[in-house]
Amino acid sequence: VGTNVMKNCYEGLAAEQQPCEASFYKGLRLKAYDGSCLNLEDSQKNREAYGKPSTGQGESAWPQMRLVMEVDAGTRHPLKIAYGSYATSELALAEELLGGVGPKELILIDRYFGCFRMVEQIRDQGAEFLVRIKQNQKFPIVKHLRDGSYLALMRDSYTRKRILVRVIEYRLLDRGREVFRFATSLLDEKSHPALELIELYHRRWEIEISFDEIKNHLWMRRRHQPFFRSQTTQGVVQELYGLMIVYFIIRSLMQEAAGKYDLDPRRLSFNNCVHILKRGVVRMQAARTEALPKLYEDLLDEMAGTLLPLADHRINPRVVKKHHAKFPAKRRGDVGFRSKL
């Protein structure tokens, strides 16, 4: 069909998406930004178009596409995507998406995106931001506030521009003496208390769950296989938009099922809903036309029955259980080397 058809279908779905109650904080729509990488087939065209990351053992086994998403923090819908080669900066891709933000929106971004030009772009377009900032980032203090936060100046080291921000610092009891720092454009401590914003920032994790659902649960593939099977640049982009369309439709049906019983769509089990939809498609294909409305309502009821318990607010440090062994990479000519080319 071509990439333009798939892209237009996805953008049409995104334009019609409606937020839910959980998508807002005091009238501000919550949007989260983050990026990830997808393994591609090791073809000549994919290597030239996307490139391979370098590791301590040489080149990676697969070419990789870099993907950045804008996600509704209440419904987990991927509202916008930007993609590029592995060498493309996530900051550059995020700046493409930030061109569409506007007033009455609160942007939740990780500390990698917490540079001056990003927050300046958000403020210039009338939106608000809540971003984690690095430990070594210095902010001249302007005023201490009653809730423990303080007003400070965020400066650009090149242009010497400055933005007034509010900095919030806190510790978690089970993380020792580590201090977490946030900067926000919400300066009023009475309207937006520090404790509320600390809890609110953890809603940024919704985009991590979206990546997990897309990469590990929706796209069923064998372990150690590339994410997309296409060996051409156009085919990869077409598969990407196709995957986004499927995920968007599933999330829309989950939102409709949850809204039928006034539930939070994030509490429905994604895996169970996918299995229900697979069975439902088979039933509807074999049913008469006049029976489809009843089957559709039954489908929504079954999806609403996959309600998960409330989240227990677990904290998981970013550590690995075991490091990879530093063996030399297998090369062409070695025993057992296989190439698909």
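It should be noted that the structure appears before, not after, this text.
Asks: Please explain helix 3 (residues 90–98) as it appears in this structure.
Replies: Listing the buried residues of helix 3 in full gives Glu90, Leu91, Leu93, Ala94, Leu97 and Leu98. Taken end-on, helix 3 shows its buried residues confined to a sector of 160°, consistent with a single buried face. Those residues of helix 3 that are buried are in contact with strand 2 (28–39), strand 5 (64–72), strand 6 (78–85), strand 7 (105–109) and helix 4 (116–124). Sitting at the head of helix 3, Ser89 places a side-chain oxygen 3.0 Å from the backbone nitrogen of Leu91.

Asks: Sorry if this is basic, but what is going on with the packing of aromatic side chains here?
Replies: Geometry of an aromatic ring pair is reported as the spacing of the ring centres plus the angle between the planes. If you walk through the whole model with that rule in mind, you get 9 aromatic pairs. For the pair Tyr170 and Phe180, a centre-to-centre distance of 5.5 Å together with 20° between the ring planes defines the contact as stacked. Of this pair, Tyr170 sits in strand 11 (residues 162–170) while Phe180 sits in strand 12 (residues 180–184), and the two are 10 residues apart along the sequence. Summarising the burial analysis for this pair, Tyr170 and Phe180 share the class buried. Between Tyr170 and Phe182 the ring centres are 5.4 Å apart and the planes differ by 10°, which places this aromatic pair in the stacked class. Of this pair, Tyr170 sits in strand 11 while Phe182 is found in strand 12, placing the two residues 12 residues apart along the sequence. What makes Tyr170 buried here is its relative accessible area of 11%. A network of ring pairs unites the aromatic residues Tyr10, Tyr83, Tyr241 and Phe248 as a single cluster. Between the NZ or CZ atom of Arg66 and the centre of the ring of Tyr86, over which it lies, the distance is 4.7 Å.

Asks: Hey, could you run me through the packing of helix 1 (residues 3–16) against helix 7 (residues 233–260) in this one?
Replies: Helix-helix packing is characterised by the crossing angle of the two axes and by the distance between the axes. Put simply, helix 1 and helix 7 touch, their axes get as near as 9 Å, and they point 25° apart. The orientation of helix 1 with respect to helix 7, classified from their angle, is roughly parallel. Read as a crossing pair, helix 1 and helix 7 show a hand that is left-handed. Here Thr3, Met6, Lys7, Cys9, Tyr10, Leu13 and Ala14 of helix 1 lie close against helix 7, whose contacting residues are Gln234, Val237, Gln238, Tyr241, Gly242, Met244, Ile245, Phe248 and Ile249. Partitioning the contact of helix 1 with helix 7 into residue classes produces 11 nonpolar, 4 polar and 1 charged.

Asks: Honestly, the side chain of Arg66 in this entry has me stumped. Any pointers?
Replies: Topologically, Arg66 is positioned in strand 5. A distance of 2.8 Å separates the side chain of Arg66 from the backbone oxygen of Thr88, its partner in a polar contact. With residues up to four places along the chain from it excluded, the contact list for Arg66 reads Ser36, Cys37, Ala82, Tyr83, Gly84, Ser85, Tyr86, Thr88, Ser89, Glu90 and Leu93.

Asks: Any chance you could explain the side chain of Gln64 here in plain terms?
Replies: Along the chain, Gln64 turns up in strand 5. Among the polar contacts listed, one links the side chain of Gln64 to the side chain of Asn39, at a separation of 2.9 Å. If near-sequence neighbours (up to four positions away) are discounted, Gln64 is found in contact with Cys37, Leu38, Asn39, Leu40, Tyr50, Gly51, Pro53, Ser85 and Tyr86.

Asks: Would you mind going over the pairing of strand 8 (residues 128–132) with me for this structure?
Replies: It is a general feature of regular strands that their side chains alternate between the two faces of the sheet. The element strand 8 is largely enclosed, with a buried count of 5 among its 5 residues. Burial along strand 8 is two-sided: Glu128, Leu130 and Arg132 and Phe129 and Val131, pointing in opposite directions, are all buried. Across 4 bridges, strand 7 lies against strand 8 in parallel orientation. When the bridges of strand 8 are listed, Ile107 appears paired with Phe129. Of the crossover connections in this fold, the one passing from strand 7 over helix 4 to the parallel strand 8 is right-handed. Of the pairings in the sheet, the one linking strand 8 to strand 12 comprises 3 bridges and is antiparallel in character. When the bridges of strand 12 are listed, Val131 appears paired with Ala183.

Asks: Would you mind going over the pairing of strand 9 (residues 141–144) with me for this structure?
Replies: Pairing analysis gives 3 bridges linking strand 9 to strand 10 (residues 150–155), with the strands arranged antiparallel. Within strand 10, the position partnered with Ile141 by the bridge is Ala152. Hairpin geometry of strand 9 and strand 10 is characterised by an intervening segment of 5 residues between the two adjacent antiparallel strands and by a positive phi of about 95° at Gly148.

Procedures and definitions
Residues numbered from 1 in each chain as written. Predicted model: local features only at pLDDT ≥ 70, side-chain atom pairs only at ≥ 80, totals over all residues. Heavy atoms only, no water. Buried < 20%, exposed > 50% of the residue type's maximum accessible area, 1.4 Å probe, protein only. Helix = DSSP H or I, 4+ residues; strand = E, 2+ residues; numbered from the N terminus. Arc of directions from axis to C-beta. Contact = heavy atoms within 4.5 Å. Polar contact = N/O pair within 3.5 Å; in protein donor to acceptor, adjacent residues only side chain to side chain. Phe/Tyr/Trp six-rings, centres within 6.5 Å; stacked < 30°, edge-to-face > 60°. Lys NZ or Arg CZ within 6 Å of the ring centre and 35° of its normal. Axes fitted to C-alpha atoms, helices over the stretch in contact; angles between N-to-C directions. Parallel < 35°, antiparallel > 145°, perpendicular 65-115°, else oblique. Left-handed = near helix turned anticlockwise from the far one by under 90°. Nonpolar A, V, L, I, M, F, W, Y, C, P; charged D, E, K, R; others polar. Pairing = 2+ DSSP bridges. Right-handed = clockwise from strand over helix to strand, strands pointing away.

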